[in-house]
Amino acid sequence: MHAQKIRHLVVVLGDQLDRESAAFDDFDPRSDLVWMAEVAHESEKVWSTKARIAMFLAAMRHFAAALRRDGVRVVYQRVNEGDDLLSLEAALAQSLATLQPQAVILVEPGEWAVREALRLCAKPQGVALDEREDRHFLCSHGEFASHVASRRQLRMEYFYREMRRKLRVLITPSGGPEGGKWNYDAQNRKSFGKSGPVRLREPVAFEPDVLTREVIKDVNRIFPGHPGTLDDFDWPVTREQALTALRDFIDHRLANFGDHQDAMWSDEPWLYHSRLSAALNLKLLNPREVVSAAELAYREKRARLADVEGFIRQIVGWREYARGVYWQLMPGYIEGNALQADAPLPEFFWTGETDMQCLRQTLKQTLRYGYAHHIQRLMVTGLFSLLLGVNPRRIHEWYLAVYVDAVEWVELPNTLGMSQYADGGVMASKPYVASGKYIQRMSNYCDSCRYNPGKSTGEDACPFTTLYWDFLGRHEKQLQGNQRMSLQLRNLARVDSKTRRAIAVRAADLRRLYAVSSAVRRNYQ
Ligand code: FAD
Ligand code: SF4
């Protein structure tokens with residue numbers, strides 16, 4: 001097969017499954033080869049859930065199969081037991097030595113460390129590396145850098161407005177925002193009240209085909225001790241499936257997306273969320289087509305402005321902003337620990353075995369599907385870690401390991417910045433802290449919990465509530481300069497010193513309790 005000289009070895013990484021990418025611009029099937037590798041190290045460097053591993057491997061194998069059907073020659077390395085020490089760059093170096101292409105074509109990887117390692121790997125072999133821009137994204141590195149240069153302070157909202165103008169998304173003919181307002185966030189925070197969500201229709205599910213079933217078997221065999229299960233694996237793993245998932249969301253959930261974006265409900269993992277993040281991040285879907293489909297639904301009056309703007313803001317705004325922040329501030333960004341948090345990650349994050357209902361629901365669902373929606377990530381698991389004072393690096397490793405959509409450029413700013421305030425205020429203008437009463441308002445979790453969200457001391461005090469007041473007390477001085485924290489700090493000032501002492505004692509007990517580890521937890525420290 002490789003007797004004739006190879007011109008280009010086109011490297012396609014697990015999150016670059018896009019035939020329209022720059023890697024294929026000048027592809028010549030007669031002289032070029034595609035190179036793809038399943039590397040166990042990628043699943044081991046954080047203790048990835050079985051769902052996350054299967055998502056990547058199933059999508060990669062389907063992509064390679066589609067390329068082959070189109071007559072593209074693909075060198076594809078499947079994962080094997082025992083090769084967990086082989087890194088991606090080592091696997092590529094081996095192939096370069098054997099295949100000796102004239103040049104390696106690579107679209108810029110989405111992870112800083114991978115980009116650096118792959119850049120280094122081609123050099124010793126004397127092979128030219130042609131690294132190309134990732135056109136999937138709506139904002140280039142250069143555009144984000146100009147945005148940063150023109151501001152004293154970074155805020156997603158201003159970036160988002162610039163993007164809306166540039167892309168002409170939800171913009172009136174006169175150039176203003178559709179409906180007169182840029183942001184309908186205030187209408188995106190309704191709970192389900194006491195009665196719960198109505199008329200929930202199951203999202204379209206993708207029964208594993210032969211190739212995916214093979215992946216499921218491999219993952220269970222090669223990564224048996226990894227967290228989670230694959231019994232319910234039904235994610236879209238091909239472009240066609242991803243397009244079906246997009247249509248299903250637009251037709252059946254978008255019209256309710258906005259109102260209940262922040263709401264949570266027991267045993268209802270999906271609610272009105274799109275479930276499109278993994279398909280987007282692996283590049284099975286392009287953000288432009290997702291945004292266009294949502295805007296069209298508004299123009300055709302199939303969804304209201306608040307729903308559509310709320311959805312588009314996540315993609316045009318938060319998703320691009322997270323990527324911009326990541327590349328602007330790496331490699332130092334990952335070291336951030338503005339609140340000097342150093343507690344270990346509680347062991348129950350890997351099992352879901354806790355008597356706190358909100359965490360139990362979110363964690364069990366995470367391990368079962370590799371999915372939790374944004375508010376579960378931000379205001380249940382993220383909030384608990386922040387209040388407890390978990391070291392941001394440890395909680396970052398957890399988030400990167402557990403979700404099917406987890407890739408570092410989007411996960412890290414969300415975890416370290418938005419959720420843990422470890423970047424000191426780049427992603428979020430204040431720490432997202434709240435007591436158990438927030439969770440009570442936005443869900444029905446507290447109804448079946450043994451704790452009382454209104455109490456901060458005593459046996460049945462909600463751990464979130466105790467830790468919330470303790471957090472404010474511990475960081476009072478540091479947060480005093482932040483205008484947006486003033487109401488919360490004024491409320492703290494009203495708490496008498498006896499209660500403050502009792503809260504501190506109970507918080508210390510909780511920290512001791514959750515620091516206890518056993519054999520279940522894998523140690524990455
Ligand atoms: P929907 O609620 O339907 O939202 C639509 C789309 O908007 C998503 O598919 C996603 O592409 C985008 N989006 C929504 N919120 C964000 C956000 N805050 N940042 C960037 N994009 C967003 N998202 C990931 O894609 N990968 C991650 O690894 C990831 N880690 C996160 C870690 C933490 C601590 C937090 C708080 C959020 C994280 N998010 C991550 C963002 C968000 O939670 C997920 O994108 C979303 O829950 C995915 O579910 P969905 O597709 O149903 O999203
Ligand atoms: Fe969570 Fe506290 Fe509510 Fe229990 S009472 S579900 S721990 S917020």
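Residues numbered from 1 in each chain as written. Chains lettered and ligands numbered in written order. Predicted model: local features only at pLDDT ≥ 70, side-chain atom pairs only at ≥ 80, totals over all residues. Heavy atoms only, no water.

Student: Go over the overall build of the chain, please, and point to the residues and values.
Tutor: If you tally the helices and strands in the chain, you get 21 helices and 5 strands. Over its C-alpha trace the chain gives a radius of gyration of 24 Å, about what one expects of a compact globule, namely 24 Å for 525 residues. For the chain, with 525 residues in total, the buried portion stands at 61%. Taking the contacts inside the chain whose residues are at least 6 apart along the sequence as the reference set, 77% of them involve residues at least 24 apart. Carbon together with sulfur atoms contributes 50% to the accessible area of the chain, which is approximately 22000 Å² in total. Of the charged side chains in the chain, 71 are positive and 65 negative; the average position of the first set lies 5 Å away from that of the second. (Helix = DSSP H or I, 4+ residues; strand = E, 2+ residues; numbered from the N terminus. Rg over C-alpha atoms; globule rule 2.2 N^0.38 Å. Buried < 20%, exposed > 50% of the residue type's maximum accessible area, 1.4 Å probe, protein only. Contact = heavy atoms within 4.5 Å. Areas by Shrake-Rupley, 256 points an atom, 1.4 Å probe, with all protein chains shown as cover. Lys, Arg positive; Asp, Glu negative; His and termini not counted. Charge placed at Lys NZ, Arg CZ, Asp CG, Glu CD.)

Student: I'd like to hear about the site of ligand 1, residue by residue, with values.
Tutor: Taken together, 29 residues surround ligand 1, and among them His273, Ser274, Arg275, Asn281 and Tyr371 come closest. Contact between ligand 1 and His273: an oxygen atom at 2.7 Å from a side-chain N or O atom of the residue. For ligand 1, an oxygen atom lies 2.8 Å from a polar atom in the side chain of Asn281. In isolation ligand 1 exposes 820 Å². Once the protein is present, 99% of that is buried. With 6 residues, the single largest contributor to the shell around ligand 1 is helix H16 (residues 408-419). Here the shell around ligand 1 is composed, by residue class, of 14 nonpolar, 10 polar and 5 charged. Two domains share the shell around ligand 1, each providing at least three of its residues, namely domain 2 (141-203 + 253-329) and domain 3 (347-514). (Near = heavy atom within 4 Å. Polar contact = N/O pair within 3.5 Å; in protein donor to acceptor, adjacent residues only side chain to side chain. Nonpolar A, V, L, I, M, F, W, Y, C, P; charged D, E, K, R; others polar. Domains from an automatic or database assignment.)

Student: Describe the pairing of strand E2 (residues 33-37), with residues and values.
Tutor: Taking burial as the measure, the 5 residues of E2 include 5 buried ones, the bulk of the element. The alternating pattern of E2 places Leu33, Trp35 and Ala37 and Val34 and Met36 on opposite faces, both of which are buried. Relative to E2, strand E1 (residues 8-11) is paired through 3 bridges, and the arrangement is parallel. Within E2, the residue paired with Leu9 across the bridge is Leu33. Taken together, the 4 bridges between E2 and strand E3 (residues 74-77) define a ladder with parallel strand orientation. In the sheet register, Trp35 faces E3, and the bridge partner there is Val75. (Pairing = 2+ DSSP bridges.)

Student: How would you summarise the environment of Asp447 if you had to cite specific residues and measurements?
Tutor: Structurally, Asp447 can be placed in the loop between helix H17 (436-442) and helix H18 (463-474). For Asp447, a relative accessible area of 53% gives the class exposed. For the pair Asp447 and Lys194, spaced 253 residues apart in the sequence, the C-alpha separation amounts to 9.9 Å.

Student: Describe the pattern of salt bridges, listing the residues and the values that go with them.
Tutor: The final tally for this structure, using the stated rule, is 47 salt bridges. Note that Arg132 and Asp130 form a salt bridge whose closest N and O atoms lie 2.9 Å from each other. Glu178 serves as the salt-bridge partner of Arg299, at 3.1 Å between the closest nitrogen and oxygen. One end of the pair, Arg299, is in helix H11 (residues 287-299); the other, Glu178, is in the loop between helix H6 (156-167) and helix H7 (210-222), and 121 residues separate them in sequence. For Arg299, a relative accessible area of 38% gives the class partly exposed. (Salt bridge = Lys/Arg side-chain N within 4 Å of Asp/Glu carboxyl O.)

Student: Which residues make up the site of ligand 2, and what values go with them?
Tutor: Around ligand 2, the surrounding shell consists of Met356, Gln357, Cys358, Gly436, Ile439, Tyr445, Cys446, Cys449, Tyr451, Pro453, Cys462 and Phe464. Going through the elements one at a time, helix H13 (357-369) and H17 are the ones with two or more residues in the shell around ligand 2. Its residues placed into classes, the shell around ligand 2 shows 10 nonpolar, 2 polar and no charged.

Student: Describe the sheet that holds E3, listing the residues and the values that go with them.
Tutor: One open sheet accounts for 5 strands, arranged E3-E2-E1-E4-E5; its pairing is parallel. Looking along the sheet, the strands with just one partner apiece sit at the ends: E3 and strand E5 (128-132). On average, adjacent strands in this sheet sit at an angle of 25° to one another, irrespective of strand direction. Pairing between strand E4 (residues 103-107) and E5: 5 bridges, direction parallel. By the bridge assignment for E5, Ile105 is matched with Asp130. Lying over the sheet, helix H2 (residues 50-69) contacts E2 and E3, oriented at roughly 155° with respect to E3. In this fold helix H3 (residues 88-99) packs onto E1, E2, E3 and E4, with an angle of close to 145° to the strand it touches most, E2. (Axes fitted to C-alpha atoms, helices over the stretch in contact; angles between N-to-C directions.)

Student: Describe the domain arrangement of the chain, naming the residues involved and giving the relevant values.
Tutor: The assigned domain composition of the chain is domain 1 (8-132), domain 2 (141-203 + 253-329) and domain 3 (347-514). A separation of 38 Å is found between the C-alpha centroids of domain 1 and domain 3. With 12 residues of domain 1 in contact, the opposing surface of domain 3 contributes 14 residues. When domain 1 packs against domain 3, the two sides together hide about 1000 Å² of surface, and 66% of this comes from carbon and sulfur. Counting across the domain 1 and domain 3 interface gives 0 salt bridges. At the boundary of domain 1 with domain 3, the tally comes to 4 residue pairs in polar contact (both at pLDDT 80 or more). Per-element tally for the side of domain 1 that touches domain 3: the top contributor is H2, with 4 residues. (Buried area = accessible area lost by both parts, 1.4 Å probe.)

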